[in-house]
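# Results of the structural survey
Take a look at the letters that make up each chain.
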Amino acid sequence: QVIDLEGLAAHSGSAFGWVGRPPEQPTSEHFSNLVACEWAAMAPAPRWVFIEDEGPHVGKCSVDPGLFQRMRHAPLVVNVVAPRAVRLQVLVEDYA
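Residues numbered from 1 in each chain as written. Predicted model: local features only at pLDDT ≥ 70, side-chain atom pairs only at ≥ 80, totals over all residues. Heavy atoms only, no water.

Let us now look at the overall build of the protein chain. Secondary structure summary: the protein chain contains four helices and four strands in total. Ordered by position in the sequence, the α and β elements of the protein chain form the string β-α-α-β-β-β-α-α. Across the 96 residues that make up the protein chain, the buried fraction comes to 22%. By sequence separation, contacts in the protein chain at least 24 residues apart represent 61% of the contacts at least 6 residues apart. On the protein chain, roughly 7,000 Å² of surface is accessible, and the fraction owed to carbon and sulfur atoms is 61%. (Helix = DSSP H or I, 4+ residues; strand = E, 2+ residues; numbered from the N terminus. Buried < 20%, exposed > 50% of the residue type's maximum accessible area, 1.4 Å probe, protein only. Contact = heavy atoms within 4.5 Å. Areas by Shrake-Rupley, 256 points an atom, 1.4 Å probe, with all protein chains shown as cover.)

In this section: unusual backbone geometry. One non-glycine residue, A10, lies in the positive phi region at around 55 degrees. Note on placement: A10 falls in the loop between α1 (5-9) and α2 (28-40). A10 sits in the buried class, given a relative accessible area of 9%.

A few words now on the layout of surface pockets. One number sums up the size of the largest pocket: a volume of about 1,300 Å³. For the lining of the largest pocket, the elements supplying multiple residues, two or more each, are β1 (2-3), α1, β2 (50-51), α3 (65-72) and α4 (84-95). Broken down by element, the lining of the largest pocket gets its largest block of residues, six residues, from α4. For the lining of the largest pocket, the residue count by class is 24 nonpolar, two polar and eleven charged. (1 Å grid on protein atoms, 1.4 Å probe; cavity = no way out; pocket = protein on both sides within 12 Å on 5 of 7 lines; lining within 4 Å. Points joined across faces, edges and corners; volume = space filled by probe spheres on them. Nonpolar A, V, L, I, M, F, W, Y, C, P; charged D, E, K, R; others polar.)

For the protein chain, mean pLDDT is 87; residues scoring 70 or higher make up 90% of the total. α4 is the least confidently modelled element of the protein chain, averaging 86 in pLDDT, while α2 averages 96, the highest of any element. (pLDDT = per-residue confidence, 0-100.)

On to the pattern of salt bridges. Side-chain pairs of opposite charge can arise whenever the charged atoms involved come near each other. Using the criterion set out here, one finds one salt bridge in the structure. Among the ionic pairs, D53 bridges to R72, the shortest N-O distance being 2.5 Å. One end of the pair, D53, is in the loop between β2 and β3 (57-58); the other, R72, is in helix α3, with 19 residues separating them in the sequence. For D53, a relative accessible area of 53% corresponds to the exposed category. (Salt bridge = Lys/Arg side-chain N within 4 Å of Asp/Glu carboxyl O.)

In this structure, L5, F31, V35, V63 and L67 are the most contacted members of the largest nonpolar core, which totals 13 residues. Among the elements of the structure, α1, α2 and α3 are those that each provide at least two residues to this core. Apart from the residues lying within four places of it in its own chain, the contact partners of V35 are L5, L8 and L67. (Core = buried A, V, L, I, M, F, W, Y, C linked by side-chain atoms within 4.5 Å.)

Now for a nonpolar patch on the surface. Taken together, the side chains of V2, W48, F50, L76, V78 and V80 present a nonpolar region at the surface, about 640 Å² in accessible area. Mapped onto the elements of the fold, L76 is located in the loop between α3 and α4. (Patch = residues over 30% accessible without salt bridge, like charges linked within 9 Å, V, L, I, M, F, W, Y side chains within 5 Å.)

Pasting the structure below:
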């Protein structure tokens, strides 16, 4: 189960996060509602919910403080490491 904060915020969270996304981001309130709807649609515990680690904002959208704290205190953190060449290729594909 995955909640795609960047997809819901219409922003990839980077300096060029607006590239290739809709021209407008939702308001923070609408973003919070979208996240809540995604969460409510998830299978109940004990199933895992995966959320990419984000800062307190995704573009102009604020991550709900309660969710942000849950992310910071998650019982499991998966660190995905990709070689530099792969990361560069993804950047070129996404932003070129």
